[in-house]
Amino acid sequence: MSKVIVVTSGKGGVGKTTTSASFSTGLAMRGHKTVVIDFDVGLRNLDLIMGCERRVVYDFVNVINGEATLKQALIRDKAYDNLYILPASQTRDKDAFSKEGVGKVIDELKESFDFIVCDSPAGIERGALMALYFADEALIVTNPEVSSVRDSDRILGILSAKSKRAEDGLDPIKEHLVVTRYSPSRVESGEMLSIDDIQELLGIKLLGIIPESPAVLQASNSGVPVVRDDDSNSGQAYQDLVARFLGEERPMRFMGPEKKGFLQRLFGT
């Protein structure tokens, strides 16, 4: 049975699109036919992070308006045959979204895909509300700072009140916490909230911790989702996150300060 997962948060710049790209790629790496949809009309970035920006011909809004078929708009990933991207429009208005139009596209995708990942724009305007409306599960992405956590709490309220599941009286959207840009040393020094602090404030189960790492920016700039980087902490963390989402037991790594090697201890670096 197909599942719709929204990747969301209230605040911009917390790593939603990076998470959407790595999460969907990670699902495909593990054999699941997956599509990731960019809901950020006018400010699309998912195509850049997925490395397919030069291959965009038609977009999500073209499909909703009947200007292109879903088959014409979907872009197949070059690395994984079971991974597809549905890009957002750069020239349209967010009012181009309607529940009927988005619902029709998602229903059609459900016929072919195991997972439909919705990359939500920041805030609580129309694009963000459309991204979460049809969700079965949600990844709540937050940084370990008070403003980010507060905005995520606001999104939790919207998920419980304004989704189709809430309107239809079904079981609530299953919520998962993803903490990005986590630095144990900055937590120790009091510059960042701890994982316990974040969980206490939001009250949802932790799915993954993505450590602060230059590998994330390097991956985004090269158009290769960081989950494919086996050598980086952030790539391994996203792999763990995907495994947990699929029901595997994985220890929660990258929570403590990185241990220094002998030379680092010797020279105090």
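Residues numbered from 1 in each chain as written. Predicted model: local features only at pLDDT ≥ 70, side-chain atom pairs only at ≥ 80, totals over all residues. Heavy atoms only, no water.

Enquirer: Requested: an account of the overall build of the chain, with residues and values cited.
Expert: Helices and strands together make up the secondary structure of the chain, namely 13 helices and eight strands. On the principal axes, the C-alpha backbone points of the chain span a range of 65 × 40 × 35 Å. Relative to its full complement of 269 residues, the chain shows a buried share of 53%. Sequence-distant contacts, at least 24 apart, represent 74% of the contacts inside the chain between residues at least 6 apart. In the form shown here, the chain has an accessible surface area of approximately 12,800 Å², with 47% of it arising from carbon and sulfur atoms. (Helix = DSSP H or I, 4+ residues; strand = E, 2+ residues; numbered from the N terminus. Buried < 20%, exposed > 50% of the residue type's maximum accessible area, 1.4 Å probe, protein only. Contact = heavy atoms within 4.5 Å. Areas by Shrake-Rupley, 256 points an atom, 1.4 Å probe, with all protein chains shown as cover.)

Enquirer: Which residues make up the side chain of D136, and what values go with them?
Expert: Position of D136 relative to the elements: it lies in the loop between α6 (126-133) and β6 (137-142). At 3.2 Å, the side chain of D136 and the side chain of R165 are in polar contact. The contact partners of D136, leaving out residues within four places of it in the chain, are S2, K3, V4, R165, I173 and K174. (Polar contact = N/O pair within 3.5 Å; in protein donor to acceptor, adjacent residues only side chain to side chain.)

Enquirer: Would you mind going over the sheet that holds strand β3 (residues 75-76) in detail, with residue names and values included?
Expert: Read across the sheet, eight strands follow the order β3-β4-β2-β5-β1-β6-β7-β8 without closing on themselves; strand pairing throughout is mixed. Looking along the sheet, the strands with just one partner apiece sit at the ends: β3 and β8 (206-211). Where strand β2 (residues 34-38) lies against strand β4 (residues 83-86), four bridges are found, and the strand directions are parallel. Note on β4: the bridge partner recorded for V35 is Y84. (Pairing = 2+ DSSP bridges.)

Enquirer: Explain the packing of aromatic side chains residue by residue, including any values.
Expert: Any two aromatic rings considered together are summarised by their centre-to-centre distance and by the angle between their planes. Summed over the entire model, instances satisfying the criterion amount to seven aromatic pairs. Aromatic pair F23 and F245: ring centres 5.0 Å apart, planes at 90°, arrangement edge-to-face. A residue pair is termed long-range when its members are at least 10 positions apart, and F23 in helix α1 (residues 16-29) and F245 in helix α12 (residues 233-245) qualify at 222 residues. Exposure class is identical for F23 and F245. Each is buried. Seen in terms of ring centroids, F39 and F97 are 5.5 Å apart; in terms of plane orientation they differ by 40°. Their pairing is tilted. Of the two residues, F39 is situated in the loop between β2 and α2 (46-49) and F97 in the loop between β4 and α5 (99-110); the sequence distance between them amounts to 58 residues. Accessibility expressed as a relative area gives 0% for F39, which makes it buried. In textbook terms, an aromatic cluster arises when at least three aromatic residues are bridged by ring pairs, as seen for F23, F115 and F245. (Phe/Tyr/Trp six-rings, centres within 6.5 Å; stacked < 30°, edge-to-face > 60°.)

Enquirer: Account for the pairing of strand β5 (residues 115-119), naming residues and giving values.
Expert: Of all five residues in β5, five are buried; the element is thus mostly enclosed. The alternating pattern of β5 places F115, V117 and D119 on one face and I116 and C118 on the opposite face, and all of these are buried. Pairing analysis gives five bridges linking strand β1 (residues 3-8) to β5, with the strands arranged parallel. Its bridge partner being in β5, V7 is matched across the sheet by D119. For β2 and β5, the ladder comprises five bridges, and the chain directions are parallel. The partner of I37 across the bridge, within β5, is C118.

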